[in-house]
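Okay, here's what each chain looks like letter by letter:
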Amino acid sequence: MIASSELILNPDGSVYHLNLKPENIAKDIIFVGDQNRVEKITKHFSSIEFSQQKREFKTQTGNYKGKRITVISTGIGPDNIDIVMNELDALVNIDLETREVKEELTSLNIVRVGTSGSIQADIPCDSVVMSLYGLGLDNMLRSYCIDKISEKAMEEAFIQQTDWDMQKGRPYVIKASETLEKRLESDFIIKGFTGTAGGFYGPQGRVLRLAIQDPELNNKMDKFEFDGIKMTNLEMETAAIYGLGKLLGHQCLSLNAIIANRATGTFSEDPYKTIDELIIYALDKLVE
């Protein structure tokens, strides 16, 4: 039995941070970072059966073209993903009354619909990158046993090509769900290799008033290549979602609306239009 100090429940029996019960979520789930983006997705639903918010975690479950879908805001960063992924898994794979792990695994389909910045000049603003791999530059996933799921050859290549400082921890690489890749791919989608940073400023090479450990890191990442795969973009959640999803037995995929290009120094003239188009695309693909 899982102790109450490890799986914390609210007085109403819901999981602690998300404030959800098992019946509140669908098996097809869309992640967004911004809580205000949840309703930008669910406004397209024909009906909403459930709505809940606690802190930055906002959840709505409803119906889109006959399919039950849940939309959840995760907030920003790998630490929040650790909370959301573990609590969602608990909802479907742990009996919250007995606190015992269920014998039969329930696998969720989780699609992140987020914004990102490209680091390659040929991936312009307003394009969409599907992350075939997530590169974790944070240390969160290293708290788990990931040797059986990580792409070690790619990790070694990245460490060597960027002269990575191991004092910052060992980067990890996790592959996306091939099932969801096939389900959501199309000709206009760019398939890429996404870096997940543990912060927005220094960890992504931005300099305001503080010097950073490696001022050339972004240039090194621009040039990284492994078996023809180049880094395409930077954000703050994908690799963590992929890692925990694979460990827990869920199918996960990240779709990134490119609203900035770090290589050319440009920003989308209408980022909201790009995001809205991606939202409709993801919803329609989940229904197909």
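Student: Is there a simple way to explain the nonpolar core in this structure?
Tutor: Within soluble globular proteins, side chains that are nonpolar tend to cluster in buried spots. Ile 30, Phe 31, Leu 88 and Met 231 are the most contacted members of the largest nonpolar core, which has 76 residues in total. Sequence-distant contacts of Ile 30, that is, excluding residues within four places in its chain, are made with Ile 41, Ile 69, Thr 70, Val 71, Ile 72, Val 111, Val 113, Leu 283 and Leu 286.

Student: What exactly am I supposed to notice about the pairing of strand β12 (residues 229-235) here?
Tutor: Two faces, one strand: in a regular strand the side chains alternate between the faces of the sheet. Among the seven residues that make up β12, five are buried, leaving the element largely enclosed by the rest of the structure. The sheet contact formed by strand β7 (residues 109-118) and β12 spans two bridges and is antiparallel. Across the sheet, residue Ser 118 finds its bridge partner in β12, namely Asn 233. As judged from the two bridges shared by strand β11 (residues 225-226) and β12, these two strands associate in the antiparallel manner. Opposite Phe 226, over in β12, you have Ile 229 as the bridge partner.

Student: Would you explain the packing of aromatic side chains in this entry?
Tutor: The relative placement of two aromatic rings is captured by the distance of their centres and the angle of their planes. All chains considered together, the criterion is met by seven aromatic pairs. Seen in terms of ring centroids, Tyr 133 and Phe 193 are 6.2 Å apart; in terms of plane orientation they differ by 90 degrees. Their pairing is edge-to-face. Here Tyr 133 is found in strand β8 (residues 128-136), whereas its partner Phe 193 is found in strand β10 (residues 190-196), with 60 residues between them in sequence. Across the pair, exposure class does not vary: Tyr 133 and Phe 193 are buried alike. Aromatic ring contacts, followed pair by pair, group Tyr 133, Phe 158, Trp 164, Phe 193 and Phe 224 into a single cluster. A cation over a ring is seen here: Lys 54 above Tyr 16, with NZ or CZ 4.2 Å from the ring centre. Note that Lys 175 overlies the ring of Tyr 133, its terminal NZ or CZ placed 5.6 Å from the centroid.

Student: What is the right way to look at helix α2 (residues 78-93) in this model?
Tutor: Each full turn of the α-helix corresponds to 3.6 residues, which orients residues three or four apart in the same direction. A rise of 1.5 Å per residue sets the reference length of α2, with its 16 residues, at 22 Å; its end C-alpha atoms lie 22 Å apart and thus fit the reference within 8%. Most of α2 is tucked away, with 12 of its 16 residues classed as buried. Within the span of α2, buried status applies to Pro 78, Asn 80, Ile 81, Val 84, Met 85, Glu 87, Leu 88, Asp 89, Ala 90, Leu 91, Val 92 and Asn 93.

Student: Explanation requested: the pairing of strand β4 (residues 67-73) in the structure shown.
Tutor: Taking burial as the measure, the seven residues of β4 include five buried ones, the bulk of the element. Sheet topology note: the strand β1 (residues 28-32)/β4 ladder contains four bridges and is parallel. Paired with Ile 30 across the two strands is Val 71, which belongs to β4. Sheet topology note: the strand β3 (residues 57-64)/β4 ladder contains six bridges and is antiparallel. In the sheet register, Asn 63 faces β4, and the bridge partner there is Arg 68. In this antiparallel pair of consecutive strands, β3 and β4, the connection spans two residues, and Lys 65 shows a positive phi of 50 degrees.

Student: What's the story with the environment of Leu 137 in this structure? I'm lost.
Tutor: With respect to the secondary-structure elements, Leu 137 resides in the loop between β8 and α3 (152-162). Spatially, the C-alpha atoms of Leu 137 and Arg 68 are 34 Å apart, while their sequence positions differ by 69 residues. In contact with Leu 137, not counting residues within four places along its chain, are Phe 158, Trp 164, Pro 171, Thr 196, Ala 197, Met 221 and Leu 234.

Student: Got a minute to help me understand the side chain of Asn 109 in this structure?
Tutor: Turning to its location among the elements, Asn 109 is positioned in strand β7. There is a polar contact of 3.2 Å between the side chain of Asn 109 and the side chain of Asp 28. Excluding residues within four positions of it along the chain, Asn 109 makes contact with Lys 27, Asp 28, Ile 29, Leu 180, Arg 183 and Gln 251.

Student: Could you clarify how one ought to interpret the state of the cysteines in this entry?
Tutor: One pass over the full model with this rule turns up zero disulfides. Its sulfur unpaired, Cys 252 is 19 Å from the next cysteine sulfur, which belongs to Cys 145. For Cys 252, a relative accessible area of 4% gives the class buried.

Student: How do you make sense of the packing of α2 against helix α6 (residues 238-248) when you look at a structure like this?
Tutor: If you want to describe how two helices pack, look at the angle between their axes and the distance between the axes. Between α2 and α6, the shortest axis-to-axis distance is 9 Å and the interhelical angle comes to 25 degrees. When the interaxial angle is binned, α2 and α6 end up roughly parallel. For α2 against α6, the interelement crossing comes out right-handed. Along the contact surface, α2 presents Pro 78, Ile 81, Asp 82, Met 85, Asn 86 and Asp 89, while α6 presents Ala 240, Ile 241, Leu 244, Gly 245 and Leu 248. Taken together, the residues that form the contact of α2 with α6 break down as seven nonpolar, two polar and two charged.

Student: Would you mind going over unusual backbone geometry with me for this structure?
Tutor: Leaving glycine out, the prevailing phi sign among residues is negative, and the prevailing peptide bond configuration is trans. Within the chain, Arg 99 stands out as a residue other than glycine whose phi angle is a positive 60 degrees. With respect to the secondary-structure elements, Arg 99 resides in the loop between β5 (94-95) and β6 (100-101). The class of Arg 99 is buried, set by a relative accessible area of 14%.

Definitions and limits used
Residues numbered from 1 in each chain as written. Predicted model: local features only at pLDDT ≥ 70, side-chain atom pairs only at ≥ 80, totals over all residues. Heavy atoms only, no water. Core = buried A, V, L, I, M, F, W, Y, C linked by side-chain atoms within 4.5 Å. Buried < 20%, exposed > 50% of the residue type's maximum accessible area, 1.4 Å probe, protein only. Contact = heavy atoms within 4.5 Å. Helix = DSSP H or I, 4+ residues; strand = E, 2+ residues; numbered from the N terminus. Pairing = 2+ DSSP bridges. Phe/Tyr/Trp six-rings, centres within 6.5 Å; stacked < 30°, edge-to-face > 60°. Lys NZ or Arg CZ within 6 Å of the ring centre and 35° of its normal. Expected span 1.5 Å × (residues − 1). Polar contact = N/O pair within 3.5 Å; in protein donor to acceptor, adjacent residues only side chain to side chain. Disulfide = S-S within 2.5 Å. Axes fitted to C-alpha atoms, helices over the stretch in contact; angles between N-to-C directions. Parallel < 35°, antiparallel > 145°, perpendicular 65-115°, else oblique. Left-handed = near helix turned anticlockwise from the far one by under 90°. Nonpolar A, V, L, I, M, F, W, Y, C, P; charged D, E, K, R; others polar.

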